[in-house]
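One-letter residues, chain by chain:
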Amino acid sequence: MAAPSPGPREVLAPSPEAGCRAVTSSRRGLLWRLRDKQSRLGLFEISPGHELHGMTCMMQAGLWAATQVSMDHPPTGPPSRDDFSEVLTQVHEGFELGTLAGPAFAWLRRSLGLAEEDYQAALGPGGPYLQFLSTSKSKASFFLSHDQRFFLKTQGRREVQRAAGGRQPASLTPCPGPQTYFIVMQSVFYPASRISERYDIKGCEVSRWVDPAPEGSPLVLVLKDLNFQGKTINLGPQRSWFLRQMELDTTFLRELNVLDYSLLIAFQCLHEDERGPGSSLIFRTARSVQGAQSPEESTAQNRRLLPDAPNALHILDGPEQRYFLGVVDLATVYGLRKRLEHLWKTLRYPGRTFSTVSPARYARRLCQWVEAHTE
């Protein structure tokens, strides 16, 4: 939640839609509830009594109202420079929420075919957020929307400044009282019902092992690099596209002086009728949201056919497996603090690979990892 500010403000009256409420059993059939419970194995509802329930209720109410603004005033074209720095502060009962770059993100969601009504329904108070056992070493809290389509993560002030282009937005200046910053992302691991394994890859070895869950345990764990040893991502003809896309993405992040991002990977076995060329493709292509300006730029955009499935941008189908793939955590800059950390780790872990290296080396190493673990 953001601090009070001199920027745009909107005072909201309490409404049934913006309150934190449970979905009553009368609206759910028994079969629906059983199927929903099965798909949430290993996840925990943040219900009344949970230490984070109050905060997530505020997040739900605030996001519902913030999305309503973009629905009432939909974008009419690409975002302007001012749209990227805008902070809308909405005053609720007991808290305020500031939304950074709301018009820019509304336009991006629209460009990706994500309806604001669906976004609002998933993140609003229609059902409790879900929590899972995180293997991250950060102090962040992690949540999923009740349908598991969106991922929410709390952020530190330094990361918020990075998202604001290195500046301190006026409405995010310090003020009395507790403050929580958070981001919303489309979950790479969606839909999750048939996913069998999940990994967070950085291309290094120090602190990159997670003790797997016991056999038969319902815990949903995201494993790391050392857990991936002996495994291969079999993409078949899609491999060349993926290698090129990793090169483009990491080059972009290197130019922004960013490091410590992760490649998320998940496995899902394909059913017999889902295998084979063209069995699940639709004839549309992924492209830059700005569009190609020339044939050369069109080639550089690395287009591909998308699978006919939810979350298609994060999915690649191999001969026998469906892979969920995405690069996340893009807010760590290689500044003085990280340079000193690199020096300390060089002395602490001689001859071993760790995450805190220069952006150029980080990008090159992750691309090498992908090339070595795909076929």
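Residues numbered from 1 in each chain as written. Predicted model: local features only at pLDDT ≥ 70, side-chain atom pairs only at ≥ 80, totals over all residues. Heavy atoms only, no water.

Going by what an unreviewed UniProt entry lists, the chain is known as Phosphatidylinositol-4-phosphate 5-kinase like 1 and is assigned to Gorilla gorilla gorilla.

> Would you mind going over the overall build of the chain in detail, with residue names and values included?
A tally of helices and strands in the chain yields ten helices and 14 strands. Across the 375 residues of the chain, 44% fall into the buried class. Partitioning the contacts of the chain with sequence separation of at least 6, the portion at a separation of at least 24 is 70%. Within the structure as shown, the chain displays about 20,100 Å² of accessible surface, and the carbon and sulfur contribution to it stands at 55%. (Helix = DSSP H or I, 4+ residues; strand = E, 2+ residues; numbered from the N terminus. Buried < 20%, exposed > 50% of the residue type's maximum accessible area, 1.4 Å probe, protein only. Contact = heavy atoms within 4.5 Å. Areas by Shrake-Rupley, 256 points an atom, 1.4 Å probe, with all protein chains shown as cover.)

> Any chance you could break down the environment of H342 for me, citing the residues and the numbers?
Looking at the element boundaries, H342 is found in helix α9 (residues 336-348). Between the C-alpha atom of H342 and that of S358, which follows or precedes it by 16 residues, the distance is 8.4 Å. Setting aside chain neighbours within four positions, we find H342 in contact with Y334, F354, T356, V357 and R361.

> Tell me about the packing of aromatic side chains, and name the residues and values.
Enumeration over the complete set of coordinates arrives at ten aromatic pairs. Relative to Y323, the ring of F267 lies with its centre 5.3 Å away and its plane at 70°, an arrangement referred to as edge-to-face. Linking F267 in strand β10 (residues 262-269) with Y323 in strand β14 (residues 321-328), this pair joins segments that are 56 residues apart in sequence. The two residues F267 and Y323 agree in class, both being buried. Cation over ring: R304 sits above W241, and NZ or CZ is 4.5 Å from the ring centre. (Phe/Tyr/Trp six-rings, centres within 6.5 Å; stacked < 30°, edge-to-face > 60°. Lys NZ or Arg CZ within 6 Å of the ring centre and 35° of its normal.)

> Please give an account of the pattern of salt bridges that cites residues and values.
As enumerated under the stated definition, the model contains twelve salt bridges in all. Here R194 makes a salt bridge to E274, at a shortest N to O gap of 2.9 Å. Residue R194 is found in the loop between β8 (181-186) and β9 (197-201), and its partner E274 is found in the loop between β10 and β11 (281-285); the two are separated by 80 residues along the sequence. R194 gets classed as partly exposed once you look at its relative accessible area, which sits at 30%. Measuring nitrogen to oxygen at the nearest pair gives 2.9 Å for the salt bridge that ties R208 to D200. Residue classification places R208 among the buried residues on the basis of a relative accessible area of 6%. Overlapping salt bridges, with partners in common, bring together D200, R208 and D225 in one network. (Salt bridge = Lys/Arg side-chain N within 4 Å of Asp/Glu carboxyl O.)

> Give a description of unusual backbone geometry that names residues and reports values.
Glycine aside, the phi torsion of most residues is negative, and most peptide linkages are trans. With an omega dihedral of -5°, the bond running from Y190 to P191 counts as a cis peptide bond. Residue placement: P191 occurs in the loop between β8 and β9. Here the phi dihedral of Q148 falls at roughly 65°; this positive angle occurs in a residue that is not glycine. With respect to the helices, strands and loops of the structure, Q148 is situated in the loop between β6 (142-144) and β7 (150-155). Positioned with a positive phi, N257 is a non-glycine residue whose angle comes to about 65°.

> Mind laying out the packing of helix α7 (residues 239-255) against helix α10 (residues 359-372), listing which residues take part and the relevant values?
For any two helices packed against each other, the geometry is given by the interaxial angle and the distance between the axes. Running from N to C, α7 and α10 cross one another at 170°; their axes reach a closest spacing of 9 Å. By the criterion of interaxial angle, the relationship of α7 to α10 is roughly antiparallel. Side by side, α7 and α10 meet where R239, F242, L243, M246, E247, T250 and R254 of the first sit next to P359, A360, A363, L366, C367, V370 and E371 of the second. Among the residues forming the contact of α7 with α10, the class breakdown is nine nonpolar, one polar and four charged. (Axes fitted to C-alpha atoms, helices over the stretch in contact; angles between N-to-C directions. Parallel < 35°, antiparallel > 145°, perpendicular 65-115°, else oblique. Nonpolar A, V, L, I, M, F, W, Y, C, P; charged D, E, K, R; others polar.)

> Could you give an account of helix α5 (residues 116-123), naming the residues involved and the relevant values?
Inspection of α5 places E116, Y119, Q120, A122 and L123 among the buried residues, and these make up the whole buried set. Each buried residue of α5 sits inside an arc of 165° when the element is viewed along its axis, so together they form one side. Tucked into the core, α5 has its buried residues touching α2 (53-72), α4 (102-111), β7 and β8. (Arc of directions from axis to C-beta.)

> How would you explain the side chain of D83 if you had to name every residue and give the values?
Mapped onto the elements of the fold, D83 is located in helix α3 (residues 81-85). Residues within four places of D83 in sequence aside, it is in contact with A101, P103 and A104.

> Describe the nonpolar core, and please don't skip the residues or the numbers.
Counting 32 residues, the largest nonpolar core has I201, F242, L263 and I265 as its most contacted members. Mapped onto this core, the elements with two or more residues apiece are β9, α7, β10, β14 and α10. Looking at which element gives the most residues to this core, the answer is α10, with six residues. Non-local contacts of F242, meaning those with residues more than four positions away in its chain, are made with L235, L263, L316, L325, V370 and T374. (Core = buried A, V, L, I, M, F, W, Y, C linked by side-chain atoms within 4.5 Å.)

> I'd like a rundown of the side chain of Q238, residues and numbers included.
Here Q238 is to be found in the loop between β9 and α7. Residue classification places Q238 among the buried positions, given a relative accessible area of 17%. Sequence-distant contacts of Q238, defined by excluding residues within four places in its chain, comprise L316 and D317.

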